[in-house]
Amino acid sequence: MALCPECEAIIDIGDELEEGQTLDCPECGVELEVVNTNPVELDSVVDEEEEEEAL
Ligand SMILES: [Zn+2]
């Protein structure tokens, strides 16, 4: 189990969790990346197209 960092919904994740794995929050639909497995930590994936580019 993990909490969505965006809407704090409880997400039921499987046992076979790997760092770098991505999944969608069933509540708000945000894309989440597994950044840590013990303890489980999720981070929302930001659309790369919205990143600001340096000159
Ligand atoms: Zn969510």
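Just above sits the structure.
Residues numbered from 1 in each chain as written. Predicted model: local features only at pLDDT ≥ 70, side-chain atom pairs only at ≥ 80, totals over all residues.

Draft legend 1. Local environment of the overall build of the protein chain. Broken down by element type, the protein chain carries zero helices and five strands. Across its three principal directions, the C-alpha atoms of the protein chain cover 45 × 20 × 15 Å. Looking at the protein chain as a whole, 9% of its 55 residues are labelled buried. Contacts spanning at least 24 positions in sequence make up 19% of the contacts within the protein chain whose residues lie at least 6 apart. (Helix = DSSP H or I, 4+ residues; strand = E, 2+ residues; numbered from the N terminus. Buried ≥ 20, exposed ≤ 12 C-beta atoms within 10 Å, placed from the backbone. Contact = placed C-beta atoms within 7 Å.)

Draft legend 2. Fine view of the sheet that holds strand 4 (residues 31–37). Spatially, 3-4-5 is the arrangement adopted by the three strands of the open sheet, whose pairing is antiparallel. Every other strand in the sheet has two partners, leaving strand 3 (22–24) and strand 5 (40–44) as the edge strands with one partner each. With strand direction ignored, the average angle separating the axes of adjacent strands in the sheet is 40°. Across three bridges, strand 3 lies against strand 4 in antiparallel orientation. Bridged to Leu 23 within strand 4 is Leu 32. (Pairing = 2+ DSSP bridges. Axes fitted to C-alpha atoms, helices over the stretch in contact; angles between N-to-C directions.)

Draft legend 3. Expanded view of the environment of Val 30. In this fold, Val 30 is placed in the loop between strand 3 and strand 4. Judged by local crowding, Val 30 falls into the partly exposed class, with 17 C-beta atoms found within 10 Å. Put simply, Val 30 and Pro 5 are 25 residues apart on the chain and 9.4 Å apart in space, counted from C-alpha to C-alpha. For Val 30, the contacting residues outside a window of four places in its chain are Cys 4, Glu 6, Cys 25 and Ser 44.

Draft legend 4. Spatial organisation of unusual backbone geometry. Of the consecutive residues Asn 38 and Pro 39, the connecting peptide bond is found in the cis state with omega at 0°. For Pro 39, the position within the fold is in the loop between strand 4 and strand 5. One non-glycine residue, Glu 8, lies in the positive phi region at around 65°. Its place among the elements puts Glu 8 in the loop between strand 1 (2–3) and strand 2 (10–11).

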